[in-house]
Amino acid sequence: MAMITKKEKGLYSLSIGTTNLRKNSQVPGFYHVPLSALITGIGNFSIQMNYQSISTALMVMSVVVCTSSLEDCKGGIQAPWVDSSNAATVFAGSILGQLCMGYAGDVLGINSALTMTMSVSFVAILCSSLLTLLFPSESATDVYVTIMVSRFFLGIGLGGVYPLAATKAAEAGTRSGTGTGTGTDMVEQASPDVSPLNSACSFFWQTPGAMAPWLLLLGMTHSRLSTAARWRLLLGMGAIPNVMVLICLLLENKQNKELNTTEDGKNMKISKAPSRLGCSDGKKSVLKLIFEDEYFIRKVMGTGGSWFVFDICYYGVVLFGGDILSAIRSAHDTTGDDDLAEDITTDTNLQYIAMHQVLALSMGVPGVLLSILLMNHMCVKNIQILGFFAMSVLFAIMALLFDHLIEKSPDVLYALYCVLLFALQFGPNVTTFVMPAIAYPHEVRSTMTGISAAFGKVGAVCGAYIFGWMARIVGYPVIMFVCAALSLLGVYLTQVCITTTHTTTTTTNTGGGGGGGMIEEDEGSIDIDSSSSPLALSSTLSSS
């Protein structure tokens, strides 16, 4: 339980019972909430902006940096290794970043690890955009290799943001008075100091981030920028949100230092974070704490397994999105202009693709907002089950109607595709991000969120590669039937591996500004204190 009392000049002192402050964590105060929200929100925005930027850049540079025939490059088709390496390098980097930076968050502190991971991604963004300008080469292969190597390190940086932003947002939420619902079934939490709602709100900004490169491309089609300037800017503009996060981290660390200093210049005594890996006091390491938990496999299957299943389906959808847009373009192209139809890099074609991508991606905005709204009334587990079930139904419908609609009614297929994107953004897209941050205790929260996120990226690789191979052999309807079945598997994993407990939560605000305290009363649960097992959950964990 935490009690916050107001001091002079809008500052707050923090009294914590058995809850320890993470190293580099924030003492609540007037400035804490907005800075923490900016860091996690902009960090999530940066993730998807930089993931999506390569799609727009490859499209723009397709003809001028060509690795196959000119005809193929006009259609956006490069040598097979270009597309495959693009996906492989950034996903491999992301998996490594999620594992390493999530672990670093528990060992070094969230803010220190965030500074590290955002710095890595900032340097990688600049390298992907500017290295070939500083060291020009006439070889298209050299250009793409430089970009792909840079994006491997970019993946490390972006992957690290997942567990750190989720953990930081979840832990900051309750300190700022953000409740988690009242008198309802909640996902069983390892400790009461986390807020799924706050974590979900920070995740919302991934959707605008995914739209940003396409909006930039749309604006560039109305400019006189050269092709080289366009693709370099599309890759390089992702550095802006990174710089903003680093500035906010510096300001927050400075404010934390001021808040932790008394009027006579002495540092306040604040309980230190629990001992972690490599500490000299003989305490157990983070890894030992994880693997000594008898429910470890079950919890990982719930948080990581469901994320794995979701990302397979999500990245499978990305594959046939281009085919749907191409079919609609062909159906509506009555100009007879072969040049427009053949060259994807013309401003007219780029405008068309960018506008339709923005429209399709914008379906994520209401999807994520609906998930956030429902968190005030439903358990996170139930939202995830509902989302997986909706995905399964829509995948099955598209599988049955795909071949007919793509020939007869491409507009209807596009509308159905947008509805499917809404379903993908609703539910599991949000809850898989939120779930690990509330299911694991403070000592290993960042590490386990990173492991769960890495499961998701492994699923993304499976979706991108296995479905790409299947599309050429069996076609997209079969892929969608597979996605429907996988969505049902997601329902099963969520139901069996994630448990709930009845929680009565009362949120109490203590004064103006952003300060607040939370009082939680858990019925039939075990309080987490220094004598409890670090991975102990509620007593109802033994069965779903």
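Residues numbered from 1 in each chain as written. Predicted model: local features only at pLDDT ≥ 70, side-chain atom pairs only at ≥ 80, totals over all residues. Heavy atoms only, no water.

**Observations concerning the overall build of the protein**
Looking only at helices and strands, one finds 19 helices and five strands in the protein. Buried residues in the protein amount to 55% of all 544 residues. Contacts in the protein between residues at least 24 apart in sequence constitute 80% of all its contacts with a sequence separation of at least 6. As displayed, the protein has an accessible area near 22,200 Å², and 64% of this comes from carbon and sulfur atoms. (Helix = DSSP H or I, 4+ residues; strand = E, 2+ residues; numbered from the N terminus. Buried < 20%, exposed > 50% of the residue type's maximum accessible area, 1.4 Å probe, protein only. Contact = heavy atoms within 4.5 Å. Areas by Shrake-Rupley, 256 points an atom, 1.4 Å probe, with all protein chains shown as cover.)

**A word on the packing of aromatic side chains**
Scanning the model with the defined rule gives nine aromatic pairs in all. Put simply, the rings of Tyr-162, Phe-203, Trp-307 and Phe-433 pair up and form one aromatic cluster. (Phe/Tyr/Trp six-rings, centres within 6.5 Å; stacked < 30°, edge-to-face > 60°.)

**Description of the side chain of Ser-36**
As for its placement among the helices and strands, Ser-36 is situated in helix α1 (residues 32–60). Among the residues examined, Ser-36 registers a relative accessible area of 3% and is labelled buried. When residues no more than four places from it in sequence are discounted, the contact partners of Ser-36 are Lys-168, Ala-172 and Glu-252.

**Things to note about a nonpolar patch on the surface**
Taken together, the side chains of Phe-389, Val-393, Ile-397, Leu-400, Leu-401, Phe-481 and Leu-488 make up a nonpolar region of the molecular surface, amounting to roughly 630 Å² of accessible area. Listing elements by their share of the nonpolar patch, those giving two or more residues are α15 (380–408) and α19 (476–497). Per-element tally for the nonpolar patch: the top contributor is α15, with five residues. With respect to the helices and strands, Phe-481 occurs in helix α19. (Patch = residues over 30% accessible without salt bridge, like charges linked within 9 Å, V, L, I, M, F, W, Y side chains within 5 Å. Salt bridge = Lys/Arg side-chain N within 4 Å of Asp/Glu carboxyl O.)

**Topic: the packing of helix α4 (residues 110–134) against helix α8 (residues 227–236)**
Their axes nearest at 7 Å, the elements α4 and α8 cross at an angle of 155 degrees. With respect to α8, the element α4 is oriented roughly antiparallel. Touching Ile-125, Ser-128, Ser-129, Thr-132 and Leu-133 of α4 are Trp-231, Arg-232, Leu-235 and Gly-236, all from α8. Grouping the amino acids of the contact of α4 with α8 by side-chain chemistry returns four nonpolar, four polar and one charged. (Axes fitted to C-alpha atoms, helices over the stretch in contact; angles between N-to-C directions. Parallel < 35°, antiparallel > 145°, perpendicular 65-115°, else oblique. Nonpolar A, V, L, I, M, F, W, Y, C, P; charged D, E, K, R; others polar.)

**A word on the nonpolar core**
Proteins that are soluble and globular tend to have nonpolar side chains buried together. Judged by nonpolar contacts, the single largest core of 90 residues is most densely connected at Met-375, Met-391, Phe-395 and Leu-424. A total of eleven residues in this core trace back to one element, the largest contributor, which is α15. Every residue in contact with Leu-424, bar those within four places of it in the chain, is listed here: Phe-310, Tyr-314, Val-317, Met-391, Phe-395 and Asn-429. Counting residues in hydrophobic clusters, the runner-up holds 29 residues, among them Ile-54, Val-60, Val-65 and Val-143. (Core = buried A, V, L, I, M, F, W, Y, C linked by side-chain atoms within 4.5 Å.)

**As for the state of the cysteines**
One pass over the structure, following the stated rule, counts one disulfide. Residue Cys-66 pairs covalently with Cys-73 via a disulfide, S to S 1.9 Å. Looking along the S-S bond of the Cys-66-Cys-73 disulfide, the torsion reads about 85 degrees, which is the right-handed sense. We note that Cys-483 lacks a disulfide partner, and the nearest cysteine sulfur, in Cys-313, lies 4.3 Å from it. Judged by relative accessible area, Cys-483 falls into the buried class, the value being 0%. (Disulfide = S-S within 2.5 Å.)

**What to know about the environment of Gly-238**
Along the chain, Gly-238 falls in the loop between α8 and α9 (239–259). Its relative accessible area of 2% is what places Gly-238 among the buried residues. Taking the C-alpha atoms as reference, Gly-238 lies 9.5 Å from Phe-45; in sequence the two are 193 residues apart. Not counting residues within four places of it along the chain, the set of residues in contact with Gly-238 comprises Ser-46, Met-49, Asn-50 and Ile-125.

**A word on the environment of Asn-376**
Tracing the sequence through the fold places Asn-376 in the loop between α14 (364–374) and α15. Separated by 179 residues in the primary sequence, Asn-376 and Leu-197 have C-alpha atoms spaced 7.9 Å apart.

**Brief notes about the pattern of salt bridges**
Counted under the stated rule, the structure contains four salt bridges. Between Arg-445 and Glu-171 there is a salt bridge whose closest N-O contact spans 2.5 Å. Of this pair, Arg-445 sits in helix α18 (residues 445–473) while Glu-171 sits in helix α5 (residues 140–175), placing them 274 residues apart in sequence. For the pair shown, Arg-445 and Glu-171 are each scored as buried. Between Asp-311 and Lys-457 there is a salt bridge; the shortest N-O distance is 3.7 Å. Placement of the pair is Asp-311 in helix α11 (residues 296–332) and Lys-457 in helix α18, with a sequence separation of 146 residues. Asp-311 sits in the buried class, given a relative accessible area of 4%. Take Lys-457: its relative accessible area is 3%, and that puts it in the buried class.

**Focus on helix α16 (residues 410–425)**
At 3.6 residues per turn, the α-helix brings residues three or four places apart onto the same side. With 16 residues, α16 should reach 22 Å at 1.5 Å per residue; the first-to-last C-alpha distance of 22 Å fits that figure. Restricting attention to buried positions, one finds in α16 the residues Pro-410, Leu-413, Tyr-414, Leu-416, Tyr-417, Cys-418, Leu-420, Leu-421, Ala-423, Leu-424 and Gln-425. Following α16 by one or two positions, Gly-427 adopts a phi angle in the positive range, close to 80 degrees. (Expected span 1.5 Å × (residues − 1).)

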